[in-house]
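Examining the three-dimensional arrangement
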Amino acid sequence: MTSSSSSFRNATSQQLAHALQHARDYTLSLFDCFADARVPQLRGVNPPLWELGQIAWFAEWFILREAASSHPASANGHCLLTKGDDWFDAMCVPHRSRWTLDLPSSGGVKTYCHEVLDRALDKLTREANTDEALYPYRLALAHEDMRGEVLLHTLQALGLPAPVPSAGEAQQMFAPSEIGFPGGTIQLGCLSGAGFTFDNERQQHRFHVAPFGMDSTLVSNSQYADFVMDGGYDKRQFWSDAGAAWLMRQERSAPRYWQRDGAQWRTMRFGRLTTLAGAEPVRHVNLYEAQAYCAWAGRRLPTETEWEYAALSGHPAFRWGQLWEWTASPFEPYPGFEADRYLEYSQPSFHTHQVLRGASFATPARFGSAKFRHFQLPECDDLFAGFRTCAWPG
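Counting of residues starts from 1 at the beginning of each chain's written sequence and follows it residue by residue. Per-residue local features of the predicted model are confined to residues with pLDDT of at least 70, and side-chain atom pairs are confined, for both listing and counting, to 80 or more; whole-chain, interface and lining totals are unaffected and use all residues. Excluding hydrogens and water, the side-chain figures rest on all heavy atoms present in the structure.

Observations regarding the overall build of the chain
Where helices and strands are cited, they refer to DSSP runs of H or I of at least four residues and of E of at least two residues respectively, numbered from the N terminus. What the chain contains, in helices and strands, is nine helices and 11 strands. Whereas a compact globule of 394 residues would reach a radius of gyration of roughly 21 Å, the chain reaches 21 Å, a difference of no more than 12%. Across its three principal directions, the C-alpha atoms of the chain cover 60 × 50 × 35 Å. Whether two residues touch is decided by their heavy atoms; if any such pair falls within 4.5 Å, the residues are in contact. Long-range pairs, those at least 24 residues apart, make up 77% of the contacts in the chain with a sequence separation of at least 6. Approximately 17200 Å² of the chain is accessible, and the part contributed by carbon and sulfur atoms is 52%. The averaged location of the 43 negative side-chain charges in the chain is 2 Å from the averaged location of its 35 positive side-chain charges. With C-alpha atoms as the basis for the radius of gyration, the globule rule is written as 2.2 Å multiplied by the number of residues raised to the power 0.38. Note that accessible areas follow from Shrake-Rupley with a 1.4 Å probe, and for residues the cover is restricted to the protein chains shown. Here the positive residues are Lys and Arg and the negative ones are Asp and Glu; neither His nor the chain ends is included. A charge is said to be at NZ when it belongs to Lys, at CZ for Arg, at CG for Asp and at CD for Glu.

Overview of the packing of aromatic side chains
Two rings belonging to Phe, Tyr or Trp (six-membered ring only in the last case) form a pair when the distance between their centres is within 6.5 Å. Interplanar angles under 30 degrees mark stacking, angles over 60 mark edge-to-face geometry, and anything in between is tilted. Under the criterion given, the structure shown has 42 aromatic pairs. Considering the side-chain rings of phenylalanine 8 and phenylalanine 196, the 5.3 Å spacing of their centres and the 50° angle between planes classify their relative orientation as tilted. Placement of the pair is phenylalanine 8 in the segment before α1 (13-32) and phenylalanine 196 in the loop between β2 (184-188) and β3 (205-209), with a sequence separation of 188 residues. For the pair phenylalanine 8 and phenylalanine 196, a shared accessibility class is recorded, and that class is buried. Measuring from ring centre to ring centre gives 4.1 Å for phenylalanine 331 and phenylalanine 375, while their planes differ by 5°; the resulting arrangement is stacked. One end of the pair, phenylalanine 331, is in the loop between β8 (324-330) and β9 (354-358); the other, phenylalanine 375, is in strand β10 (residues 374-376), and 44 residues separate them in sequence. Whether a charge sits over a ring depends on NZ of Lys or CZ of Arg being within 6 Å of the ring centre and within 35 degrees of the ring normal. The ring of tyrosine 334 carries the charged tip of arginine 373 above its face, separated from the ring centre by 4.1 Å. Any residue under 20% of the maximum accessible area for its type is buried, any over 50% is exposed, and the rest in between are partly exposed; the area is computed with a 1.4 Å probe on protein chains only.

Description of the sheet that holds β8
At least two DSSP bridges between two strands are required for those strands to pair. Read across the open sheet, the four strands follow the order β10-β9-β8-β11; overall the sheet is mixed. Two strands bound the open sheet, and with one partner strand each, they are β10 and β11 (385-386). With three bridges connecting them, β9 and β10 associate as antiparallel partners. Following the sheet pairing, valine 355 is matched in β10 by phenylalanine 375. Those strands touched by helix α9 (residues 304-312) are β8 and β9, and its axis lies near 5° from that of β9. A fitted line through C-alpha atoms serves as each axis, taken over the contacting stretch for helices, and the angle formed by two N-to-C directions is quoted from 0 to 180°.

Comments concerning the packing of helix α2 (residues 48-64) against helix α5 (residues 131-158)
For the pair α2 and α5, the least separation of the axes is 9 Å and the interaxial angle reads 170°. Taken together, the axis directions place α2 and α5 in an arrangement best described as roughly antiparallel. Of the residues in α5, those touching α2 at Glu51, Gln54, Ile55, Phe58, Ala59, Phe62 and Ile63 are Pro136, Tyr137, Leu139, Ala140, His143, Glu144, Arg147, Val150 and Leu151. With respect to orientation, any angle under 35 degrees is reported as roughly parallel, any angle over 145 as roughly antiparallel, any angle of 65 to 115 as roughly perpendicular, and every other angle as oblique.

The following block contains the structure:
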C-alpha cells in the first residue's frame, strides 16, 4: 500500500460525498453482523448499537453543529436526538455506562444515521473546496473508517462472520529478504496546509536515521511457530518485565486464536476454524509478544522513524499494508504539539501507548498513509497487527 491521490486527506467535495456514503454503507453492514449476537461486556469493546450511534453523532457534532472542538460546550444547536449528547458524547459517557444506557432501537439509530448523512451530504454541496471548509468532513470520514476497523476486529473477537469475503481471509505472501538502508535525514511529520493532518503528525521536523537493515516482509506464522515450539512463551529471558507480567496474567503459550491440532496449528478467523497458513504474516500479537520473538531471534523492532524511512524509500521489496506493524517507539508528541479540534484523539494516550505504523487489510485504501501514527496499549492483541524485525547495528 502507498499513499495516493485518492487519499481522504486531499479528497474533493465530490470524492468526499462518495467516500462518506461508502463508509456508512460499510458501517451498517458491519453492524448488521451483530444482529442476533449477545455481545459480552469486554474491555475495549463498545456495545455495537452505541458504536453505530456514536459514529453518526460524531459526524453531526463536527459537520452539522459546526463544533469548534470536542469540548461538550463547543457545538451549535441541539442534537437531532433529544438525548443524543447524553448518550453518545464519548468524553462524557464512561465506557462502563455505555452498556446500561436507554438507547433507541436499532431501527431508530439507523434512521438517525441516515438523517445525519443526508444532511451532511446536502451541506457538502455548498462548501468551498478548501482544506478549512472540508476539514470536518474529512475528520468524520477518518473517524468512521477507524471505528469500522474496530467493529471488524470485534467481530473477530466474538467469533462472528465478517460481512465481506475479503476480510483478511486471503493474505498476499512474499519471499522474505533483508533490505539494507543507508540512512540519512528525513522530514518527520506533515506540513500544515497540505490537506488533512492528524494533530500527532504535526509539526514537520528533520530527523537523522542511522543506517539499518530491515526485513522486507512481516514475520510469518511459520517463523513465529518456531519461536512457540522452542518454548518461547516459557523462557523468561525473552520477555520484558511488563511482558512477563502480562504473560503471567494470561497464561498464554501461543498467539491469540491459535489452537494446536496434532502436528499442525489451526486458527479461528471470524468464527471459522482454519488451518494456519505458514507463509502468512502472524497476526493478533501484541507488543510484548513481538518483543519476545525479536529477543529470541536476536533481532529488534524498528523504530517508527526507521519504518517511515523504509516506507517512503520506494524500495520495491518493501511492502506494507497487510497488517498494522508494532514499532519500538512509545507514542510521544512531536515537538510543538498542539491538540486539534478532536481534543482527546492523541493527548490522553501519550507515553502510555505504543506506535504502530502502516495499515491492515481492514483499512480502507483511502486511509493508508506512510505518515499515519497508529497507537495502542502494549498488551493490545485484538487489532489486526503483526511486526517485522531489524538487525542490531554493528
